[in-house]
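What follows is the residue order along each chain.
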Amino acid sequence: MDVFEFLCRMGDNTLVLGSRISEWCGHGPALEEEIALANTALDLIGQTQMWLGLAAEVECRGRTADDLAMLRDVWDFRNLLLVEQPKGDFGQTMMRQYLFDQFHLPYLEALVTSSDSRIAGVAAKAAKEAAYHLERSRMTVIALGDGTKESNNRMQAALDLLWPYAGEMFASDDVDRSLAKAGIAPDPKDLRAQYLEAVGWTMEEATLTIPEGQFCHAGGRTGARHSEHLGHLLSTMQWLQRAYPGATW
Amino acid sequence: MYAQMVESGTSDDSAEAEAFQRRIDAGEKIEPKDWMPEGYRKTLIRQIGQHAHSEIVGQLPEGNWITRAPTLERKAILLAKVQDEAGHGLYLYCAAETLGVSRDELTEMLLDGRMKYSSIFNYPTLTWADMGAVGWLVDGAAIMNQVPLQRTSYGPYSRAMIRICKEESFHQRQGFDIMMKMANGTEAQKKMAQDALDRFWYPSLMMFGPSDKDSVHSAQSMAWKIKMNTNDELRQKFVDQTVPQAEYLGLAVPDPDLRWNETKGGYDFSEPDWSEFFEVIKGNGPCNRERLAARNKAWDEGKWVRDAMLAHARKKRAAKMVAE
Amino acid sequence: MNDTRKEWPLWEVFIRGQHGMSHRHVGSLHAPDAEMAIRNARDVYTRRKEGISIWVVEAGKITASAPSQKGPLYDPAESKVYRHPTFFDIPDDVGAM
């Protein structure tokens, strides 16, 4: 079930990140920023419906995208640790967003040529949206990094906190290798150099320093060991479905 | 309504004021650069500002359920709706800004309590059925007022209302759609739906403001066409429209005295408890403190972001000027 | 510009919705600079519909002779079908909503 595993990784990333950024609805620093963030969240939830819908289809066990979103527990989730990190301040949210978008777009662009036409189709739609997400998050990280002394400190703290979660995006495993071999999905490790270069340029413009060291946290995309944050996110998100089993909404 | 108990300024009997009133009577739109009585300008700032604040604070009771929406589609719909409310607040602040007040000034008046927002948003949303009730009843009541306001005399306000009404037409329907699912669902869901109607019925009736006989400010605002109907007219219309919908859902409107009155061609119904309304307006509603605290927190914690983005823009411009 | 001012400047937004049409005023918003104003306009006034052209101009820089006419409307993005009232199937016997 490598394809199922892959689709859960895609859909769980967008589901968890989309849920996380929707936490800003009604609480943003300016109306314009809040509306923009809600657009990103809407795109990501829309992508989740497509990825998890496809996952349910290839699984052939009669589950739906909603079943996968609402009725799996922590160990079945396959999202990156990065996206489940708490929202923090607005700077931390935008840094998390940028570090993800900078990976997400090239990965989706590579998926457009997937040998699986269903995957290619979803990727084509998602890539258009991700291109705008990246444009916006990149610009915001630069503005906040460069802006004031306080904002620079906050953005540096956000980068220091989140950078050790970036490496997991490129930690390939057997699933990635088998999909790459079949031409279904790129091997993420091949996108690493390009990522480091792009992030380097952005951080230079943002007058921020990428932390030294190669260490990275892992365990999200394999499901081996999520952070404690995911369970709380799920207990909120899944509560109604768990409390009233079988009801339709 | 979203703007309740807006104190109306007074006109004067100058020749300009008379010419101004003739323009309004002739159905002309007043635009920002046109002459207008100071009372008209001030009343509009209060009314549009209060309306804008209501949209912004109104995000909170529904925003409360975005992370708990039961399906992916419901989550997207609710998020889109709450986002629309931010957009509507934005349009309205911009309309108010054409009258010579800035958004920051208006925001500060909301945050320190000098300006009000609709009483309805001081009620809690306790179950998912409340998302249905808010869309069906609260948006339904708001639409009653907003549709006629598209014809209001002040151009920027009228244009904002046209855009808002167009975007908002899905809001009430999505609320009713939730209610239908609940009312036709499990026993627990039905109970939840009835409970939501029980809690939101009277607060929704309060949205239209106190009875016209107690509302001293209506006449001037109506002459200026910044208030289009009386509070009682709109409330009656709302009840007449909503009761059959409740019957369709199989839910009971929590009013033992509700009766169809053949002679007037409308329902007789009980007034809400106006002492509760005045307490809510004074700050003693169930959620007043939480709502204002949430908006103050967002504003205070957003300051460094707003400052930094402006500082960055200025640095960029300065660098560009040097380069040129 | 006065650098002690803390509020983002106000921008007027003009959008061309279809090919062959001229740009029309749709509303205003706040943004720190023109570049951000364009992006904010996209997020606020088009809800991300593709294939459109946006102009922004700082409100203070407009010279006006007379009040403008009735503003245009703009459809929300096509992929967000639930933003349209017809997405929700309300039975006929409920009546108008």
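To be clear, the structure that these remarks concern was listed above.
Before going into details, it helps to say that this report is about the structure given with it. Keep in mind it's a predicted model, so treat the numbers as computed, not measured. (Residues numbered from 1 in each chain as written. Chains lettered and ligands numbered in written order. Predicted model: local features only at pLDDT ≥ 70, side-chain atom pairs only at ≥ 80, totals over all residues. Heavy atoms only, no water.)

1. Things to note about the nonpolar core
Condition: Think of a nonpolar core as a cluster: buried Ala, Val, Leu, Ile, Met, Phe, Trp, Tyr and Cys residues, connected wherever their side-chain atoms sit within 4.5 Å. For each residue, the accessible area found with a 1.4 Å probe, counting protein chains only, is set against the maximum for its type, and the residue is called buried under 20%, exposed over 50%, and partly exposed in between. The criterion used for residue contact is that any of the two residues' heavy atoms lie within 4.5 Å.
Counting 196 residues, the largest nonpolar core has Met95, Leu99 and Leu111 of chain A, Tyr40 and Trp128 of chain B together with Leu29 of chain C as its most contacted members. Those residues within four positions of tyrosine 40 of chain B in sequence are excluded, and the remaining contacts are Phe20, Ile24, Ile30, Ser153, Tyr154, Trp224 and Ile226 of chain B.

2. Looking at the pairing of strand β2 (residues 24–30) of chain C
All names here are of chain C. To keep things clear, this is the line we draw: Every helix listed is a DSSP run of H or I at least four residues long, and every strand listed is a run of E at least two residues long, numbered separately from the N terminus. Two strands make a pair as long as DSSP finds a minimum of two bridges between them.
Within β2, 5 of the 7 residues are buried, which leaves it mostly tucked inside the rest of the structure. Relative to β2, strand β1 (residues 10–16) runs antiparallel, the two being bridged by 6 bridges. Bridge assignment links isoleucine 15 to a residue of β2, and that residue is arginine 24.

3. Thoughts on unusual backbone geometry
All names here are of chain A. The phi torsion at cysteine 60 lies on the positive side, around 60 degrees, for a residue other than glycine. Tracing the backbone through its elements, the reader meets cysteine 60 in the loop between α2 (31–59) and α3 (65–71). Looking at cysteine 60, the relative accessible area reads 65%, which means it is exposed. At threonine 207, a residue that is not glycine, the phi angle is positive and equals roughly 50 degrees. Mapped onto the elements, threonine 207 comes out in the loop between α9 (192–205) and α10 (228–237). Overall, the relative accessible area of 44% leaves threonine 207 in the partly exposed class.

4. Quick look at helix α7 (residues 155–183) of chain B
Each α-helix turn comprises 3.6 residues. Residues three or four places apart therefore point the same way. Formally: The span one expects for a helix is its residue count, reduced by one, times 1.5 Å.
The terminal C-alpha atoms of α7 of chain B, which comprises 29 residues, lie 42 Å apart, in line with the 42 Å expected from a rise of 1.5 Å per residue. In terms of burial, α7 of chain B is largely enclosed, as 26 of its 29 residues are buried.

5. Section: the interface of chain A and chain C
We count it as follows: When two parts are put together, the accessible area they lose, computed with a 1.4 Å probe and summed over both, is reported as buried area. Salt-bridge detection follows one rule: a side-chain nitrogen of Lys or Arg within 4 Å of a carboxyl oxygen of Asp or Glu. In the analysis that follows, any N or O atom pair within 3.5 Å is treated as a polar contact, provided that within protein one partner can donate a hydrogen and the other can accept it, and provided that, for residues neighboring in sequence, both atoms belong to side chains. The classification used treats Ala, Val, Leu, Ile, Met, Phe, Trp, Tyr, Cys and Pro as nonpolar, Asp, Glu, Lys and Arg as charged, and all other residues, Gly among them, as polar.
Taken together, the contact between chain A and chain C spans 15 residues of the former and 16 residues of the latter. In total, chain A and chain C occlude about 1,500 Å² of area from one another, counting both sides; carbon and sulfur atoms represent 55% of this. Considering only the side of chain A, the residues that lose the most area to chain C are Glu32, Tyr132 and Met139 of chain A, jointly responsible for 41% of the buried surface there. At the junction of chain A with chain C, the criterion picks out 2 salt bridges. Among the salt bridges present, the one from glutamate 135 of chain A reaches arginine 39 of chain C, with a minimum N-O distance of 3.0 Å. At the surface where chain A touches chain C, the tally comes to 8 residue pairs in polar contact (both at pLDDT 80 or more). Broken down by secondary-structure element, the contributors of at least two residues to the side of chain A that touches chain C are α2 and α6 (117–146) of chain A. The residue makeup of the side of chain A that touches chain C, split by class, is 6 nonpolar, 2 polar and 7 charged.

6. A word on the interface of chain B and chain A
Facing 45 residues of chain B, the contacting portion of chain A comprises 49 residues. Both faces considered, chain B and chain A share a buried interface measuring about 4,000 Å² in area, 70% of it formed by carbon and sulfur atoms. Three residues, Leu72, Gln83 and Trp304 of chain B, lead the burial of chain B against chain A; their summed loss comes to 21% of the area buried on that side. Taken together, the connections running from chain B to chain A amount to 2 salt bridges. Aspartate 146 of chain A serves as the salt-bridge partner of lysine 315 of chain B, at 3.7 Å between the closest nitrogen and oxygen. Seen at the junction of chain B and chain A, the total is 13 residue pairs in polar contact (both at pLDDT 80 or more). If you list the elements that add at least two residues to the side of chain B that touches chain A, you get α3 (59–63), α4 (72–97), α7, α8 (187–206) and α12 (288–323) of chain B. When residues of the side of chain B that touches chain A are assigned to their parent elements, the largest contribution, 14 residues, is made by α4 of chain B.

7. Some words on α12 of chain B
Keep this limit in mind: Here the bend at each residue means the angle between axes fitted to two seven-residue stretches, the one ending at that residue and the one beginning there.
Taking 1.5 Å as the rise per residue, α12 of chain B with 36 residues should run 52 Å; its terminal C-alpha atoms sit 52 Å apart, in good agreement. Of all bends in α12 of chain B, the biggest is about 40 degrees, found at glycine 302 of chain B.

8. Quick look at the side chain of arginine 20 of chain A
Residue and element names in this part refer to chain A. One can find arginine 20 in helix α1 (residues 2–22). A distance of 2.8 Å separates a polar atom in the side chain of arginine 20 from the backbone oxygen of glutamate 84. Side-chain polar atoms of arginine 20 contact the backbone oxygen of glutamine 85, separated by 3.2 Å. Apart from residues no more than four positions distant in its own chain, arginine 20 is found in contact with Val83, Glu84, Gln85, Pro86, Lys87, Arg96, His229 and Leu233.

9. Focus on the environment of threonine 207 of chain A
Threonine 207 of chain A sits 63 residues away from leucine 144 of chain A along the chain, and the two C-alpha atoms are 9.6 Å apart. Setting aside its immediate chain neighbours within four residues, threonine 207 of chain A contacts Gly145, Asp146 and Asn152 of chain A.

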